[in-house]
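# Structure at a glance
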Amino acid sequence: MTVHAQHGQPRKVMVEAQEVCKHYGPLEVLKGINLKVHQGEVVCIIGPSGSGKSTLLRCMNHLEHVNAGRLYVDGELVGYRQEAHKLYELKPSEVCLRRRDIGMVFQHFELFPHMTALENLCLAPTVVLKRARAEVEREALEMLQRVGLSDRAGYYPSQLSGGQQQRVAIARALTMNPKIMLFDEPTSALDPELVGEVLKVMRDLAASGMTMVVVTHEMGFAREVADRVVIMDGGRIIEDGPPADIFSNPRSERARTFLERLL
Ligand code: ADP
Ligand code: MG
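An account of the accompanying structure is given in this report.

Conventions adopted
Residue indices begin from 1 for each chain and proceed along its sequence in written order. Throughout, the order in which chains and ligands are written sets their labels, letters from A for the former and numbers from 1 for the latter. Given that the model is predicted, a residue must reach a pLDDT of at least 70 before its local features are reported, and side-chain atom pairs must reach 80 or more before they are shown or counted; all residues, however, enter totals for whole chains, interfaces and linings. Each side-chain value is derived from all of the structure's non-hydrogen atoms; neither hydrogens nor water enter the calculation. The salt bridge criterion pairs a side-chain nitrogen of Lys or Arg with a carboxyl oxygen of Asp or Glu, the two atoms within 4 Å. The numbering of helices and of strands both runs from the N terminus, where a helix is a DSSP run of H or I of at least 4 residues and a strand a run of E of at least 2. Relative accessibility under 20% of the residue-type maximum defines a buried residue, over 50% an exposed one, and the middle range a partly exposed one, all with a 1.4 Å probe and only protein chains included. Think of each axis as a best-fit line through the C-alpha atoms, taken over the contacting stretch in the case of a helix, with angles from 0 to 180 degrees between the N-to-C directions. Each angle receives one of four descriptions, namely roughly parallel if under 35 degrees, roughly antiparallel if over 145, roughly perpendicular if within 65 to 115, and oblique otherwise. For any pair of crossing helices, the crossing counts as left-handed if the nearer helix is rotated counterclockwise from the farther one by less than a right angle, and right-handed if it is rotated clockwise. What makes two residues a contact is simply this: any of their non-hydrogen atoms within 4.5 Å. Ring pairs are drawn from Phe, Tyr and Trp, using the six-membered ring of Trp, whenever the two centres fall within 6.5 Å, and their geometry is named by plane angle: stacked under 30 degrees, edge-to-face over 60, tilted for the rest. Distance and angle both matter: a charge sits over a ring if NZ of Lys or CZ of Arg is within 6 Å of the ring centre and within 35 degrees of the ring normal. Here, a strand pair is defined by DSSP locating no fewer than two bridges between the strands. For the handedness criterion, the strands are oriented away from the viewer, and a crossover whose path from the first strand over the helix to the second runs clockwise is classed as right-handed.

## Quick look at the pattern of salt bridges
Summed over all chains, the structure comprises 20 salt bridges. Its salt-bridge partner being Arg152, residue Asp151 comes within 3.0 Å of it at the nearest N-O pair. A salt bridge links Arg254 to Asp233; the nearest nitrogen and oxygen atoms lie 2.3 Å apart. Within this pair, whereas Arg254 is found in helix α9 (residues 253-262), its partner Asp233 is found in strand β11 (residues 228-233), the two being separated by 21 residues in sequence. The exposed category is assigned to Arg254, whose relative accessible area is 56%. In the salt-bridge network here, residues are joined through shared partners; they are Lys12, Asp74, Asp101 and Lys179.

Structure representation (structure tokens):
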């Protein structure tokens, strides 16, 4: 389980969505999302295809603009800078700065194909943070070891299995020392026998206290690792609670129907 605040100290809110709306042209994709994720929490988002899960994660990572409502990540309003009660839209360079603290892992890994595993890990710390190569490499090798791939540092993505590629992608995100990790169906593109090795890395990460928002259909993972499970449907959150409650006693008929198909 994840690390919880002890001695009654309030935990920092890492993500807060207040009535977040997003549309693509006439298509309303997020219809007033309210969500809080505290530091150290693991929140799994499940829901039918097209319900807006990826869009919500992409908004958290500055990849999409929110059209209405407010979205805060790590206490800062996504897309805007606040100065003297006025809001200014962020410049691209400012967006880059904010995104440094947010790690994201995608369904299709998105590794740089012309770079080895080690080079994939070293790129952002050396280029974006301008850190010394030797030190970054040392850390990257440690990170590869953490995900069980110290013997694959010199391999290119095409020489790695899907499960190995995804573990490299997770290690790469971690090299930036993010405050939060977002996962968008990280195991959906994997052969079934490779899912476990990626979930194990995610489990270890959760146990280390990382704040994680995970879009997944791995119910076992959600049940064992998540502090909360959120069910989305049609651009809305229809359930939000501890996995034991959500899985055994969903409030809405829609959630029940969706879960029956998965479990
Ligand atoms: P999920 O991840 O839950 O499957 P998405 O957030 O990917 O759902 O998509 C929600 C809806 O938004 C879908 O109907 C999808 O087709 C639409 N959509 C997603 N991205 C775009 C885009 N860039 N332009 C137009 N429509 C989009
Ligand atoms: Mg999606």
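## Comments concerning the packing of helix α3 (residues 117-127) against helix α5 (residues 162-174)
Following both chains from N to C, one finds α3 and α5 inclined at 25°, their axes separated by 8 Å at the closest point. Taken together, the axes of α3 and α5 lie roughly parallel to each other. Seen from above, α3 lies across α5 with right-handed handedness. Only Val168, Ala171 and Arg172 of α5 make contact with α3, whose side of the interface consists of Ala117, Asn120 and Leu121.

## Comments concerning the packing of aromatic side chains
Counting across every chain of the model gives 0 aromatic pairs. Residue placement shows Arg152 over the ring face of Tyr155; its charged tip is 4.8 Å from the ring centre.

## Digging into the pairing of strand β10 (residues 211-215)
Counting buried positions along β10 yields 5 of 5 residues, so the element is predominantly enclosed. The pairing of strand β3 (residues 42-46) with β10 spans 4 bridges and is classified as parallel. Counted as the bridge partner of Val42 is Met212 from β10. Looking at chain direction, strand β9 (residues 180-184) and β10 are connected through 5 bridges and run parallel. Counterpart to Asp184 in the pairing with β10 is Val215. Taken together, β9, helix α6 (residues 192-207) and β10 constitute a β-α-β crossover, and its handedness is right-handed.

Take it as geometry only, folks, not as evidence of what the structure does.
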